[in-house]
Amino acid sequence: MINTHYLYSELVHRKRRSLINLLLVAAALAVMIFVGQLTESLQQAFQAPLVDIGASLTVQKSGDVPETMNGLVLPCSVAPISNDHIRRINSIPGVQAISEAVLLWDFQADSFQIVVGFDPDDTAGPALLQGALASGRFLKIGDTGKAMADLTWAVTHEIEPGHILKIAGRDFEIIGIVDSSQISQIATAQVYIPLAEAKTIASGSASINAVHHFGQDDANLLFIKADRDKIEEIATGIKAIAGKKTVVSTPDSFKEMLGSLFSLTSRFSILISGMTLIASLLLVARTTAAGVRERTVEIGAMKAIGWTGRNIINQLAAESFVVIAFGTMLGICLALLGAWLVSFQSIAIPIPWDMAPTPHFLPGGEEQLSRDVRLTMSSPIKLIGVGAVSALVIGLTALITAGRAIIRLKPSEVLRNE
Amino acid sequence: MNKSIEAIKLCKRFGAIEPVKQVNFTINRGEFVTLLGPSGSGKSTLLSLVAGLDHATDGQVLLDGQDLSRFSEDELALLRRDHIGFVFQSFHLIPTLSALENIAFPLYPVKMAVRKKRDRARELLAQFDLSDRSDHLPSRLSGGERQRVAIARALVNRPGIIFCDEPTGNLDSTTGKEILDLLLKLNTDKKVTLFMVTHDTNIAKLSHRSLYMKDGEVS
C-alpha cells in the first residue's frame, strides 16, 4: 500500500534531492534521444542526393583518360558498363529496378557540351526532371532527333525551343527547357537526349572506341532502386560483377565525404546512445543508493515500527516512479526542442568528384559540388516511445538498487545511531 | 503472572566480538524493567534482540510465548507493528511529516480507513497536549514535544510492550521528568510492559526491577 501523502511530502520537502534526480533522468534521456534523432536526420540527409534522383545507389566505372579532348569523349569516371553486366546486376537480390543513362562530353571546334541520354519513362535519374520543365515539352518514348536543354545553359547560350543543336555531327531539335538545379547534380547535364540515340552515338563514335569499347546496348551510368536494408550487399555484388574499377555510390559515400566526425557519429550512434543510457543508469542507481544511505536511520525506524521491506520498497519505488515520470516528460520535451532547433539547420552534402558531370578543366569544374539538405525531425511518437522504454529501464534499475539496499538494511540500524 | 518477555541463553556474536553472552531473564506482563550498564556493555544489542529488531546468534527470545528465532524479517516487522511500541533517544520522527502524520505513521501500511487512522492519531495528540502542534513539522517542535510525539507514535498501534532506548537522554531534566511521568502513567494505567535502557539510576529507582549489564552479561 502506497501512502500518497507521505510520497508527496518526501518529494516536496526534499526538493533538492527530487530535483537532482529529476534533472539527471531528463538530461540522460534528452541526450540519448537527441543523439538518436540527430543521427537519423544525418542519415536521411546523406540519402538526399540519391533520393533526389529516385535511386538508392548509383553505379559508374572508372576508365582511361582520353588522350585528346576532341569530338565525343567519355569522362574517365564513366567508362562503359556492358549490357551483360547490367543484366547480371539486375538479378542481384534486393535490386528492384535499374535506370540506365549515357553521359557524354561533346568537344566541338568552338564549344563544349555535356550530354546525357536517358529513357523518359524511367523512375530514376534524369527522368525525374519531368517536374522541372520550364518551357516546351518533355522528351517522350519514340522521340528521335529531339533534345532538351538545361535552363541556365540555355539562357547563357540563348537557346529556346525550336533551336537546332549539333551533337556528334547530328542535328537535334530543342523541344523543351528543364531546370536541372531542381534535382541532384549527379544526373544533370546541359543537353538531354533519348537514351537509344545516346547509345547509338556513343557506340558509333571513333573517338570513344579509341579508348573504350562501347557496345550498342551498353551504358555508363546506372541508377538503381534497391531494398534499403540490402544496399551494402548489393554494392559488394556489383563490384564482384563489374570489377574493381566500379564506383558504387551509396548514402555512405556522401557521409564519408563529410569527414570522420560525421562518419563516427552515425556509425557509433547506437554506442553513444547506449553509453548515455548506461551512464544514466549508473547515475540513477548511484543517486538512488545514496538516497537510501541518506535515509538509513529513517528506513531503520520505519522497519522498527512495523513497516515491512515490501512496504518500504513500494513507497520508495513510488517516489522514484514519480521523479522518473516527470524526468522522462522533461527529457522528451528537451529532446523535442533540440530536434526542433536542429530542423532549422541545413547541411551541405558534398558530391564526390567522380559523380560530377562537368570536366575539371572547364570554368567551375573544379568547384566542389554540394547539395544543401535541411535536417528533418523524425516522428515524436517514436521519440516518446524510446524515452518511455529507457525510463522504464532506468526505473527498474533504481528499484532493484533501492530494493537490494533496503532489504540488506537491519532495523537495528536505528539503535546504532542513538 | 504471565511472562511478557523471556530471554534464554541469549547470545549475539559479530565475528570475534560477543556483545551479548548467555543472557537469561524474564519480564512479566505490566512490569517496568530498566536495563542499566556502562556504554559499550551491550545494552542496545540486547534491546534489539528482545524487541525482534535483530536475530540472536544462539539462544531464544520468547515474546508473549512466541519464539522470535522462527520469525522471518517481515514476520518480525508485522509482530512489531501489532504488539510493540518503540521510543528512541533521538526520537526518529519522519522530518517531512507533521506531528499528526508522524503519530499515524506506523498505521500507514495497515489496511484501515484513513479517517480511523487520523482519529486515533488525533486522540493521542490531544492526550499528550499536542493538539495545537498538529500540523508542525518535527523541526518546529521542542525536544520534549518531539519525544511526546514519539511516545504517541509508539502507542498508536495499542501495543502490549514498549521498548525505550534512553528516552530522556536528549532532554533537559524538567522535560525528561515529564516524559518519564508519561511513561509511568502508561505502565500504571494501561498496564503496558515497559523495558527501558538507561544510564540514569534515578529512573531505575522508579522501575519495578533493574537488570545490570556489563561486558555482555546480565546480572
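Residues numbered from 1 in each chain as written. Chains lettered and ligands numbered in written order. Predicted model: local features only at pLDDT ≥ 70, side-chain atom pairs only at ≥ 80, totals over all residues.

Naming follows an unreviewed UniProt entry, where chain B appears as ABC transporter ATP-binding protein of Candidatus Desulfobia pelagia. According to its UniProt record, chain B has this under Sequence similarities (unreviewed entry): "Belongs to the ABC transporter superfamily. Macrolide exporter (TC 3.A.1.122) family." (UniProt positions renumbered as here; feature names shortened; annotations may be inferred.)

An unreviewed UniProt entry annotates chain A as ABC transporter permease of Candidatus Desulfobia pelagia. Here chain A is described in UniProt, under the heading Subcellular location (unreviewed entry), as follows: "Cell membrane". UniProt's Sequence similarities (unreviewed entry) comment on chain A is quoted here verbatim: "Belongs to the ABC-4 integral membrane protein family."

Draft legend 1. Quick peek at the overall build of chain B. Looking only at helices and strands, chain B features 7 helices and 10 strands. Within chain B, the fraction of its 219 residues that count as buried is 47%. When contacts within chain B are restricted to residue pairs at least 6 apart in sequence, those whose partners lie at least 24 apart make up 71%. (Helix = DSSP H or I, 4+ residues; strand = E, 2+ residues; numbered from the N terminus. Buried ≥ 20, exposed ≤ 12 C-beta atoms within 10 Å, placed from the backbone. Contact = placed C-beta atoms within 7 Å.)

Draft legend 2. Broad picture of the overall build of chain A. Looking only at helices and strands, chain A has 14 helices and 13 strands in total. Residues counted as buried form 44% of the 418 residues belonging to chain A. When contacts within chain A are restricted to residue pairs at least 6 apart in sequence, those whose partners lie at least 24 apart make up 81%.

Draft legend 3. Spotlight on the pairing of strand β9 (residues 209-214) of chain B. All names here are of chain B. Here strand β3 (residues 32-36) runs beside β9; their pairing, made up of 4 bridges, is parallel. If you follow Leu35 over to β9, its bridge partner there is Leu211. Pairing of β9 with strand β10 (residues 217-218), which is carried by 2 bridges, proceeds in the antiparallel orientation. Its bridge partner being in β10, Lys214 is matched across the sheet by Glu217. (Pairing = 2+ DSSP bridges.)

Draft legend 4. Structural context of the sheet that holds strand β4 (residues 58-63) of chain B. All names here are of chain B. Spatial strand order, β2-β1-β4-β5: 4 strands in an open sheet with antiparallel pairing. Only two strands of the sheet have a single neighbouring strand rather than two, namely β2 (17-28) and β5 (66-67). Two elements, β4 and β5, share 2 bridges in a ladder whose sense is antiparallel. Of the residues in β5, the one forming a bridge with Leu63 is Gln66.

Draft legend 5. Representation of the sheet that holds β10(B) in the model. The sheet built from 6 strands is open, its strands ordered β6-β7-β8-β3-β9-β10 (chain B) with mixed pairing. On the outer flanks of this sheet lie β6 (84-87) and β10 of chain B, each paired with one strand and no other.

Draft legend 6. Expanded view of the packing of helix α3 (residues 83-90) of chain A against helix α7 (residues 231-242) of chain A. Residue and element names in this part refer to chain A. Close contact between α3 and α7 brings their axes to 10 Å; oriented N to C, the two are set at 155°. In terms of orientation, α3 and α7 fall into the roughly antiparallel class. Crossing geometry of α3 relative to α7 is assigned as right-handed. On the side of α3, the interface is formed by His85, Arg88 and Ile89, while α7 contributes Ile238, Ile241 and Ala242. Residue classes in the contact of α3 with α7 are distributed as 4 nonpolar, 1 polar and 1 charged. (Axes fitted to C-alpha atoms, helices over the stretch in contact; angles between N-to-C directions. Parallel < 35°, antiparallel > 145°, perpendicular 65-115°, else oblique. Left-handed = near helix turned anticlockwise from the far one by under 90°. Nonpolar A, V, L, I, M, F, W, Y, C, P; charged D, E, K, R; others polar.)

Draft legend 7. Main features of the interface of chain B and chain A. Contact with chain B, which involves 28 residues of that partner, is made by 27 residues of chain A. Contributions of two or more residues to the side of chain B that touches chain A are made by α1 (43-50) and α2 (73-83) of chain B. It is α2(B) that provides the largest number of residues to the side of chain B that touches chain A, a total of 6 residues. Partitioning the side of chain B that touches chain A into residue classes produces 12 nonpolar, 7 polar and 9 charged.

Draft legend 8. Examining the nonpolar core more closely. Core analysis: the largest hydrophobic core is formed by 102 residues, its most contacted members being A:Val25, A:Leu29, B:Val50, B:Ile103, B:Phe163, B:Leu194 and B:Phe195. Sequence-distant contacts of B:Ile103, defined by excluding residues within four places in its chain, comprise B:Ala121, B:Leu124, B:Leu125, B:Val149, B:Ala152, B:Arg153 and B:Val156. Ranked by size, the runner-up nonpolar core spans 62 residues in total, among them A:Ala127, A:Ile208, A:Leu222 and A:Ile234. (Core = buried A, V, L, I, M, F, W, Y, C linked by C-beta atoms within 7 Å.)

Draft legend 9. How the structure looks around the packing of helix α1 (residues 4-13) of chain A against helix α12 (residues 309-342) of chain A. Residue and element names in this part refer to chain A. Relative orientation of the contacting elements α1 and α12 amounts to 55°, with a least axis distance of 10 Å. When the interaxial angle is binned, α1 and α12 end up oblique. In terms of crossing hand, the pair formed by α1 and α12 is right-handed. Where α1 approaches α12, its residues Tyr6, Leu7, Glu10 and Leu11 are matched on the opposing element by Gln315, Ala318, Glu319 and Val322. Taken together, the residues of the contact of α1 with α12 sort by class into 5 nonpolar, 1 polar and 2 charged.

Draft legend 10. Focus on the environment of B:Leu137. Residues and elements named next belong to chain B. Looking at the secondary structure, you find Leu137 in the loop between α4 (114-127) and α5 (143-155). C-beta crowding within 10 Å serves as the criterion here: with 18 such atoms nearby, Leu137 is assigned to the partly exposed category. Separated by 43 residues in sequence, Leu137 and Ile94 place their C-alpha atoms 8.7 Å apart. Residue contacts for Leu137: discarding those within four places in its chain leaves Pro95 and Ser98.

Draft legend 11. Local environment of unusual backbone geometry. Non-glycine residue A:Ala168 carries a positive phi angle of around 50°. Residue position: A:Ala168 is located in the loop between β7 (164-167) and β8 (170-178). Within the chain, B:Phe91 stands out as a residue other than glycine whose phi angle is a positive 65°. Residue position: B:Phe91 is located in the loop between β6 and α3 (99-104).

Draft legend 12. Structural detail: the confidence of the model for chain B. Residues and elements named next belong to chain B. Averaged over all residues, the pLDDT of chain B equals 92, while 100% of them reach at least 70. Taken element by element, the predicted model of chain B shows its lowest mean pLDDT in helix α6 (residues 173-190) (88) and its highest in α3 (96). Predicted complex, confidence summary: ipTM 0.91, pTM 0.69. (pLDDT = per-residue confidence, 0-100.)

Draft legend 13. Looking closely at the environment of A:Asp372. Take A:Asp372: it is sitting in strand β13 (residues 370-374). With residues up to four places along the chain from it excluded, the contact list for A:Asp372 reads A:Ser346 and A:Ala348.

Draft legend 14. Examining the environment of B:Gln22 more closely. Residue and element names in this part refer to chain B. Inspection of the secondary structure puts Gln22 in strand β2. Accessibility expressed as a C-beta count within 10 Å gives 15 for Gln22, which makes it partly exposed. Sequence-distant contacts of Gln22, defined by excluding residues within four places in its chain, comprise Lys9 and Cys11.

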